[in-house]
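Residue strings, one per chain:
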Amino acid sequence: MSLAIVPMEGRHLNELAEISRLCFSMPWSRDGLAAELSSDTAHFWVAEEAGRCLGFAGMHAVCGECYVDLVAVHPAERRRGIGEQLVRQMIAWMEEQHGEFITLEVRVSNAPAIALYEKLGFEQAGVRKGFYEDNHEDALLLTRPAKGIQ
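A few points on the structure.

## Remarks on the layout of surface pockets
Piece 1. A volume near 1100 Å³ is recorded for the largest pocket.
Piece 2. Lining the largest pocket are 32 residues; nearest its centre among them are Phe24, Val71, Asn110, Ala113 and Tyr117.
Piece 3. Those elements giving two or more residues to the lining of the largest pocket turn out to be strand S4 (65-73), helix H3 (82-96), strand S5 (101-107) and helix H4 (111-119).
Piece 4. The dominant element in the lining of the largest pocket, judged by the number of residues it contributes, is S4, at 6 residues.
Piece 5. Its residues placed into classes, the lining of the largest pocket shows 18 nonpolar, 5 polar and 9 charged.

## Description of H4
Piece 1. Of all the positions in H4, only Ala113, Ile114, Leu116 and Tyr117 are classed as buried. One side of H4 holds all its buried residues, which, seen down the axis, span an arc of 160°. Those residues of H4 that are exposed and aimed more than 90 degrees away from the buried face are Pro112 and Lys119.
Piece 2. Looking at the packing, one finds that the buried side of H4 touches S4, H3, S5 and strand S7 (139-145).
Piece 3. Of the residues flanking the end of H4, it is glycine 121, one or two places downstream, whose phi is positive at about 95°.

## A closer look at H3
Piece 1. Across its 15 residues, H3 extends 21 Å between first and last C-alpha, which sits within 8% of the 21 Å expected from 1.5 Å per residue.
Piece 2. Listed as buried for H3 are Ile82, Gly83, Glu84, Leu86, Val87, Met90, Ile91, Trp93 and Met94.
Piece 3. Looking one or two places after H3, you find histidine 98, whose phi comes out positive at around 60°.

## Section: the environment of arginine 107
Piece 1. Mapping arginine 107 onto the fold places it in strand S5.
Piece 2. With sequence-adjacent residues up to four places away left out, arginine 107 is seen in contact with Ser25, Ile114, Tyr132, Asp134, Asn135, Glu137 and Asp138.

## Considering the side chain of glutamate 84
Piece 1. Inspection of the secondary structure assignment puts glutamate 84 in helix H3.
Piece 2. A relative accessible area of 19% means that glutamate 84 is categorised as buried.
Piece 3. The residues touching glutamate 84, leaving out its near neighbours within four places in the chain, are Leu116, Lys119 and Leu120.

## Considerations on the packing of aromatic side chains
Aromatic ring pairs are described here by two measures, namely the spacing of the ring centres and the angle between the planes.
Piece 1. Enumeration over the complete set of coordinates arrives at 5 aromatic pairs.
Piece 2. If you follow arginine 107 out to its NZ or CZ, it ends over the ring of tyrosine 132, 4.0 Å from the centre.

## Observations concerning the pattern of salt bridges
Piece 1. For the coordinates displayed, the defined rule picks out 13 salt bridges.
Piece 2. Here glutamate 95 ties to arginine 144 by a salt bridge, and the two come within 2.9 Å at their closest N and O atoms. Here arginine 144 lies in strand S7 and glutamate 95 lies in helix H3, a separation of 49 residues in the sequence.

## What to know about the nonpolar core
Side chains that are nonpolar tend, in soluble globular proteins, to be buried together.
Piece 1. Ranked by internal contacts, the top residues of the largest apolar core, which has 29 residues, are Met59, Val87, Met90, Ile102, Val106, Tyr117 and Phe122.
Piece 2. Only strand S2 (42-49), strand S3 (52-62), S4, H3, S5, H4 and S7 provide two or more residues apiece to this core.
Piece 3. Among the elements that line this core, the one with the most residues is H3, at 7 residues.
Piece 4. Apart from residues lying up to four places away in sequence, methionine 90 is in contact with Trp45, Ala57, Gly58, Met59, Val68, Val71 and Ile102.

## Considering the environment of glutamate 133
Piece 1. Summarising the element assignment, glutamate 133 is placed in the loop between strand S6 (123-128) and S7.
Piece 2. Glutamate 133 sits in the exposed class, given a relative accessible area of 60%.
Piece 3. Between the alpha carbons of glutamate 133 and isoleucine 19 there is a distance of 20 Å; along the sequence they are 114 residues apart.

What counts and how
Residues numbered from 1 in each chain as written. Predicted model: local features only at pLDDT ≥ 70, side-chain atom pairs only at ≥ 80, totals over all residues. Heavy atoms only, no water. 1 Å grid on protein atoms, 1.4 Å probe; cavity = no way out; pocket = protein on both sides within 12 Å on 5 of 7 lines; lining within 4 Å. Points joined across faces, edges and corners; volume = space filled by probe spheres on them. Helix = DSSP H or I, 4+ residues; strand = E, 2+ residues; numbered from the N terminus. Nonpolar A, V, L, I, M, F, W, Y, C, P; charged D, E, K, R; others polar. Buried < 20%, exposed > 50% of the residue type's maximum accessible area, 1.4 Å probe, protein only. Arc of directions from axis to C-beta. Contact = heavy atoms within 4.5 Å. Expected span 1.5 Å × (residues − 1). Phe/Tyr/Trp six-rings, centres within 6.5 Å; stacked < 30°, edge-to-face > 60°. Lys NZ or Arg CZ within 6 Å of the ring centre and 35° of its normal. Salt bridge = Lys/Arg side-chain N within 4 Å of Asp/Glu carboxyl O. Core = buried A, V, L, I, M, F, W, Y, C linked by side-chain atoms within 4.5 Å.

Below, the structure written as structure tokens:
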């Protein structure tokens with residue numbers, strides 16, 4: 001089967017809401033995801049295989065600055081490089097649009113995600129103390145400049 005990264009559409013919403021529920025302690029609802037479809041600043045992509053949603057990622061872009069909202073891969077589909085493909089899609093979009101940087105927060109305990117982001121050129125820009133509402137865990141603030149901007 002061939003994995004495709006495609007823009008999020010209404011047909012994806014039920015599956016994405018379920019993936020979000022499985023992945024996050026504070027999941028995105030179907031309605032919350034649907035609202036992003038009409039946002040001029042939102043850019044969300046879905047990893048699809050054989051008509052099934054395996055993961056998704058989304059960000060908001062304003063004035064050349066890209067802020068990642070989420071990266072989620074269905075737990076049964078992890079360790080296949082899907083998250084990496086989704087993050088690479090966001091980076092490519094940012095660079096195609098001549099963005100300046102892409103940034104995100106990640107739980108300090110999420111070592112696999114931190115390793116992926118560092119592999120893709122993100123660097124630590126700070127720590128947000130008590131950032132996550134569910135357990136007050138700190139978040140690392142990671143940022144990656146566009147190519148050629150240092």
